[in-house]
Structures are given as C-alpha cells and as structure tokens.
Amino acid sequence: MLDRHNRLLAALDLLTTLLMAGAAGVVFFFTPVEATMGAVQKVFYFHVAANWAGMLGFIVAAVCAGGYLRTGSSAWDIAESAAVEIGLVFTAIGIVSGSIWAYSAWGTFWTWDPRLTTAAIMVLLYAAYFLLRQGIENPERRARFAAVYAIIGIISVPATFLSIRMFRTIHPVLVAGEETLGLTPAMQAAFFFSLAAFSFLFASLFWHRIRLGRLAEAVEIQQSQV
C-alpha cells in the first residue's frame, strides 16, 4: 500500500511539474501582451492563481478542522495544519505578485484598498494560527483549539473575496456580468490553465506536507515515551 501511495504521489508530482511548466510557457509565449500595462500584466495569471490556491488551503483547513472536532483523529489535525501552512504561503505569494502588478498599474506597491486590507488581515489571522499551536503543549488541547480557530478564521476568506464587490475599490473585479477584465480568448485559456496548474501544485504540496506531519507526530510520540 505504501509503495502504491509513493507511486501515486510521484505521478502527481510529475503531472504538477508538467502543468506548471506548461502554464509558464502559455503565459509567456502564448498570451498576447496587454495593450495598456504591457508585459507586467502577465503577473496577473500567477497572482490570481496563487490567491486561489491560498484560499483553497484555508477552506480545506476548515473542512479538516470539522473532521477533527467530529472524530478526534490526529490525522485530521495534521491535514488541517498542512492546509493552513500551504494556504498562507500561497496567499503571501499572491500579495507579493499583486504588489508588483500594482506598482505598474497604480504607481505604488501598496495601498489600503479594501481588497488589500482584507487580504492582509487574513494573512495575519492565519499567521496567528501557528502562534496558537506553538503556545499549547498538550497535543489534544492544541488540536482542539486550533480546529476551532481554523473554523472561525474561514470567515476571512469570503470577506476578502467579496470586499471588491461590497466596498468602493480600485482593485479590478475579475468577473462582472459577462465581462472578464477584457481578457481575450487566449488570455482566458491561460488564466484557467494557471488556475488548474496551481490547484495541482496545492494538492502535491498538501500531500507531501501531510506525510511530513505524520513523521513529526511519530517523532513526538517516541520522545514522549522516552
């Protein structure tokens, strides 16, 4: 069974590598250069995809948190922590890439726009998740408190997503009615290809991080028995 899992993970890693390489190739060599912003607009494809993967991580974490509270199984806790960690990394990538794009579009790397503000709050909330875990020594108590926190924290995800629709903002709305930021068919194809590639990247990293978490748990159990 272990060998089978290793083969599946290796296949997922290979597929993810091919998709990420394909996404980069499509974005840089297939999509046209945007008329107003020029080549820097190509950051858009990775910026949105990274944010999507980050929010996916937080949603998966909330689901795993519910699984832990229902069953008390440490496997759910490991998966929850892994999802938050990966989601936080992807969201940070999204903010950095967005700042690069913003400097070209707005003339500044950062502004306290509702979307940027809610995204920053979301990052801080999930960074505090790991401070919470570090501050509790008892494994069961730590897992229970972390699970409740992950479920409460998920509120920040729709708040961030809907902020550009609820408040006056200079951040572009990706989909408004039948318009999609003026993207040509080639741009839309590259956009959805990037979303798919980053989704597989999330799945691959998530699987690896769960395996690492299980090894860490085994070491912690051995140390407690010494």
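Residue positions within a chain follow its written sequence, with the count starting from 1. Local features in this predicted model are restricted to residues whose pLDDT is 70 or higher, and side-chain atom pairs enter the listing and the counts only when it is 80 or higher, whereas totals over whole chains, interfaces and linings include all residues. Only hydrogens and water are removed before side-chain values are computed, so all heavy atoms of the structure are retained for them.

Caption draft 1: Summary view of the side chain of Arg133. Numbering of helices and strands starts at the N terminus; helices are DSSP runs of H or I of at least 4 residues and strands are runs of E of at least 2. Of note, Arg133 is situated in helix 4 (residues 114–134). The exposure class assigned to Arg133 is buried, which follows from its relative accessible area of 13%. For every residue, the accessible area obtained with a 1.4 Å probe (protein chains only) is divided by the maximum for its type, and the residue is called buried under 20%, exposed over 50%, and partly exposed between those limits.

Caption draft 2: The arrangement of the packing of helix 2 (residues 43–71) against helix 6 (residues 156–166) in detail. Where helix 2 contacts helix 6, the axes come no closer than 10 Å and their chain directions differ by 150°. In terms of orientation, helix 2 lies roughly antiparallel with respect to helix 6. Residues Met55, Phe58 and Ile59 of helix 2 pack against Val157, Thr160 and Phe161 of helix 6. Class assignment of the residues belonging to the contact of helix 2 with helix 6 gives a composition of five nonpolar, one polar and no charged. A fitted line through C-alpha atoms serves as each axis, taken over the contacting stretch for helices, and the angle formed by two N-to-C directions is quoted from 0 to 180°. Throughout, the term roughly parallel applies to angles under 35 degrees, roughly antiparallel to angles over 145, roughly perpendicular to angles from 65 to 115, and oblique to all others. When checking whether two residues touch, look at their non-hydrogen atoms; a contact exists if any pair is within 4.5 Å. In this classification, Asp, Glu, Lys and Arg are treated as charged, Ala, Val, Leu, Ile, Met, Phe, Trp, Tyr, Cys and Pro as nonpolar, and every other residue, Gly included, as polar.

Caption draft 3: Layout of the packing of aromatic side chains. Each Phe, Tyr or Trp ring (for Trp, its six-membered ring) is paired with any other whose centre lies within 6.5 Å, and the angle between the two planes then decides the class: stacked below 30 degrees, edge-to-face above 60, tilted in between. Inspection of every chain in the model, using the stated rule, returns ten aromatic pairs. Their ring planes at 20° and their centres at 5.5 Å tell us that Phe44 and Phe191 sit as a pair that is stacked. On the criterion of sequence distance, the pair formed by Phe44 in helix 2 and Phe191 in helix 7 (residues 185–225) is long-range, its members being 147 residues apart. In this pair, the class of Phe44 matches that of Phe191, namely buried. Chaining the aromatic ring pairs together yields one cluster made of Phe28, Phe46, Phe90 and Phe198.

Caption draft 4: Layout of the nonpolar core. In this structure, Phe44, Tyr45, Phe90, Tyr126, Phe202 and Phe206 are the most contacted members of the largest nonpolar core, which totals 43 residues. Those elements that place two or more of their residues in this core are helix 2, helix 3 (74–106), helix 4, helix 5 (139–153) and helix 7. Broken down by element, the residue count for this core peaks at 14 residues, all from helix 2. Discounting residues that sit within four places of it in the chain, Tyr45 has contacts with Val27, Thr31, Met187, Ala190, Phe191 and Ser194. In this text, buried Ala, Val, Leu, Ile, Met, Phe, Trp, Tyr and Cys residues form a nonpolar core when linked through side-chain atoms within 4.5 Å.

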